[in-house]
Amino acid sequence: MLLTREAEPFEDSRARLEAIAYRLLGSASDAEDAVQETYLRWQAADRGYVETPEAWLTKVLTNLCLNQLTSARARRETYVGQWLPEPVLAGGSMLGPAETVEQRESVSFAMLTLMERLTGKERVVYVLREAFGYSHRDIADLLDLTEANCQQVYRRAKQHLARERAGIEVDEDAARRIVAEFLAAAVSGQTETLVSLLTDDAAIIGDGGAFITTLNRPLVGAERVARFLRLAIKPSNSSWDKLGGTPDMFATIANGMPALVLVSEDRLVGMVVLQATADGIAAIHGQANPDKLAYANRQWASVAPGAPLPKPW
């Protein structure tokens, strides 16, 4: 597709803007909306007064995201069940740069969930500094802060997030092995087998929105998580009916972590993202809200997923 000269600066920045917006909002669909609105404002702007298009676009986007974060917090107060981010499969532009540990961690399910504790400005400062290497001076200019104030905001954000256990880097083979091992342990009927794969403080969090009932709060502790999974993953569990029956299961990578993908009639109906650390699986994040799987479904439809995992029952 041929681009007009006016559109080129935006298109050159699109992937970076998407990656920033996803980290700030935890929602691929909301990130797409924010980037589209940024484009509309770019089209309407008097570009003769824009000295640095990249900075102008980033400032517009971050302001839009700050507004969305305010309204999103209000919506989440009435959200049915627990809230989790929208998953993004490996290769999606939303995931952005992944060369450093900080960049990979900033898009993990665990970190995106933990960042919900931050204020809007703390989240912007943390994301731009950790994941994109912006200087404090540049971030301060974007947010109309002093450089010293920006540094203070960054320190507060780091303190709020300091407790997060770092994940390990995985490739497709490692993801398949971890997911297959986890699934086999979950259906083995042996609680001890599953406990051995988990950290002592492992947690399970489920988001089904209003579509499917999940835990109403995180369940913490390896023994408790293992006992819950033994019951939840049985083929006789009535929750499978809402997902179209017992689905085909695939191992992949989502948000940089091993993920179990549930597919029914060629449609992705659920995803379980495992926070794999050097000490074991620290968190299990289950996403079954169909509204939050729309982006991942578009990704899934465009890839060749390979063979499903063997039926575990």
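As shown above, the structure is provided for reference.
For clarity, every value in this text was computed on a predicted model and none was experimentally measured. (Residues numbered from 1 in each chain as written. Predicted model: local features only at pLDDT ≥ 70, side-chain atom pairs only at ≥ 80, totals over all residues. Heavy atoms only, no water.)

Student: Help me out: how do you make sense of the pairing of strand β6 (residues 280-287) in this one?
Tutor: Moving residue by residue along a regular strand, the side chains alternate between the two faces of the sheet. Across the eight residues of β6, seven count as buried, placing the element largely inside the fold. Two elements, strand β1 (residues 198-207) and β6, share six bridges in a ladder whose sense is parallel. Of the residues in β6, the one forming a bridge with G206 is G286. In the sheet, strand β5 (residues 267-277) pairs with β6 via seven bridges, with the strands oriented antiparallel. Bridging from a neighbouring strand, V272 pairs with G286 of β6. (Buried < 20%, exposed > 50% of the residue type's maximum accessible area, 1.4 Å probe, protein only. Helix = DSSP H or I, 4+ residues; strand = E, 2+ residues; numbered from the N terminus. Pairing = 2+ DSSP bridges.)

Student: Sorry if this is basic, but what is going on with the pattern of salt bridges here?
Tutor: Where charged atoms of side chains with opposite charge meet at close range, the side chains can pair. Counting across every chain of the model gives 11 salt bridges. A salt bridge links E37 to R41; the nearest nitrogen and oxygen atoms lie 3.1 Å apart. Within this pair, E37 and its partner R41 are both found in helix α2 (residues 28-44), separated by four residues, close to a single helical turn. As a salt-bridge pair, R104 and E169 come within 3.5 Å of each other at their nearest N and O atoms. (Salt bridge = Lys/Arg side-chain N within 4 Å of Asp/Glu carboxyl O.)

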